[in-house]
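These are the residues of each chain, in order.
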Amino acid sequence: MLNSPFYLLTLLTIILSTIAALSRTNWLLVWTSMELNLLSFIPIILSTKINQETEGAIKYFLPQALGSAIMLLTSIIIWHPHTHLIPSILTLSLILKLGAAPCHFWFPQVISSVSWINCLLLATWQKFAPLFILAYLLKPVSQQLIYFIAVANALTGGLIGLNQSNLRTLMAYSSITHIAWILSPLCINCPCLTSIYFLLYCFLTIPIFTTFALNHQSTPNQLINLHPLVLISTSILLLSLAGVPPLTGFFPKWILIQWLTWKYYAALLIFILLGSFINLYFYLTLIFNILITPITNSIKLKSLDYIQPFIISSSLLGLLVIITPYALTIFYKS
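Bear in mind that the values here come from a model prediction, so they are computed numbers and not experimental data.

A. Quick look at the overall build of the chain. The helix and strand tally for the chain stands at 15 helices and 0 strands. Across the 334 residues that make up the chain, the buried fraction comes to 52%. Within the chain, contacts between residues separated by at least 24 positions form 75% of all contacts whose residues are at least 6 apart in sequence.

B. Quick look at helix H9 (residues 167-183). For H9, which comprises 17 residues, the first-to-last C-alpha distance of 24 Å matches the rise-based estimate of 24 Å (1.5 Å per residue) to within 8%. Across the 17 residues of H9, 17 count as buried, placing the element largely inside the fold. A distance of 2.8 Å separates the backbone nitrogen of Arg-168 from a side-chain oxygen at the start of H9, and that oxygen is part of Asn-166.

C. Highlighting the packing of helix H7 (residues 128-137) against helix H10 (residues 191-215). Packing of H7 against H10 leaves a shortest axis separation of 9 Å and a crossing angle of 165°. In this view, H7 runs roughly antiparallel relative to H10, as classed from their interaxial angle. Handedness of the H7/H10 crossing: right-handed. Here Phe-128, Leu-131, Phe-132, Ala-135 and Tyr-136 of H7 lie close against H10, whose contacting residues are Pro-191, Cys-192, Thr-194, Ser-195, Phe-198, Leu-199 and Cys-202. Here the residues of the contact of H7 with H10 are counted per class, giving 10 nonpolar, 2 polar and no charged.

D. Summary view of the pattern of salt bridges. Going through the model one piece at a time under the given rule, you end up with 1 salt bridge. As a salt-bridge pair, Glu-55 and Lys-59 come within 2.7 Å of each other at their nearest N and O atoms. One end of the pair, Glu-55, and the other, Lys-59, are both in helix H3 (residues 51-76), 4 residues apart, so they sit about a helical turn from each other.

E. Looking closely at the packing of aromatic side chains. Within this structure, the stated rule accounts for 17 aromatic pairs. For the ring pair Phe-251 and Trp-254, a centre distance of 5.6 Å and an interplane angle of 75° mean the geometry is edge-to-face. Of this pair, Phe-251 and Trp-254 both sit in helix H12 (residues 250-262), 3 residues apart, which is roughly one turn of that helix. The class for Phe-251 is buried, based on a relative accessible area of 19%.

F. Here's a closer look at the packing of H9 against H10. H10 packs onto H9 with a crossing angle of 170° between their chain directions and a minimal axis gap of 10 Å. Relative to H10, the element H9 lies roughly antiparallel. Residue-level inspection shows Leu-167, Met-171, Ser-175, His-178, Trp-181 and Ile-182 of H9 in contact with H10, the latter providing Thr-194, Tyr-197, Phe-198, Tyr-201, Ile-208, Phe-209 and Phe-212.

Reading the values: the criteria
Residues numbered from 1 in each chain as written. Predicted model: local features only at pLDDT ≥ 70, side-chain atom pairs only at ≥ 80, totals over all residues. Heavy atoms only, no water. Helix = DSSP H or I, 4+ residues; strand = E, 2+ residues; numbered from the N terminus. Buried < 20%, exposed > 50% of the residue type's maximum accessible area, 1.4 Å probe, protein only. Contact = heavy atoms within 4.5 Å. Expected span 1.5 Å × (residues − 1). Polar contact = N/O pair within 3.5 Å; in protein donor to acceptor, adjacent residues only side chain to side chain. Axes fitted to C-alpha atoms, helices over the stretch in contact; angles between N-to-C directions. Parallel < 35°, antiparallel > 145°, perpendicular 65-115°, else oblique. Left-handed = near helix turned anticlockwise from the far one by under 90°. Nonpolar A, V, L, I, M, F, W, Y, C, P; charged D, E, K, R; others polar. Salt bridge = Lys/Arg side-chain N within 4 Å of Asp/Glu carboxyl O. Phe/Tyr/Trp six-rings, centres within 6.5 Å; stacked < 30°, edge-to-face > 60°.

Here it is, written out as structure tokens:
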């Protein structure tokens, strides 16, 4: 199904509709592009023809349709001088389409119902349009509202993620925690930092989700079936995603910490750091359970032919993740 012309055409439509939504300044054209993106992603979810993915498609369509309806109605009267709440309502509609707290309830359920490739699309590419519209196109946004949304995402992703035993759901709540970091620069009018953090998050998430997809992983206990080289590279990427220094994932967090400190957003900083520490806790628990588990004979004899290119690329990414910060530091000092 992944190689069929219909699947490739649908995927191309998703890409083009997202680019169209980001390149428009007219709200009607933005809404049209996002609706095309929504209708194109439904066949992608249903591509495996599994009942569970049918349920996931319905759970994805209903909140997205509600967010689109609210966005269309509120964007018509957003510039009216006596509608002060309209920008906030429009922001919440984008937050609903983004899958961020407090409108996050559909996101973990859809993630847990679809394949890893669809999870990857949902956690990365499908967030581009609502996130960048929120950061660059929707200017009259209340900073207090973004403040509340960032705090809600940090606490929701961290606390609820502790009780998860499914890898898909765990990565979904990890994504919700990262949304807190992604939205926090909007409190200090720095959308460029939002873009940098989100792009780095995508680059770190892609190899992790690809590993789980290639090896058909669904629970943390199944990770012991991975080859040791894949376990090591995945562990490095998870630590980088958690923001452990000196890995690359730490440096956008470090820059944002400095900015929030300069702008006196200490309370917001405490909440998002708390959410990241909780994320780091279940990341480390996951990694320790993997590394201390004895490797069985079947794993030792497992062929690496079909994942050899991925092992090399992810290992190189892990090396770059460690080397890049030092190179940037030397360049900055020079």
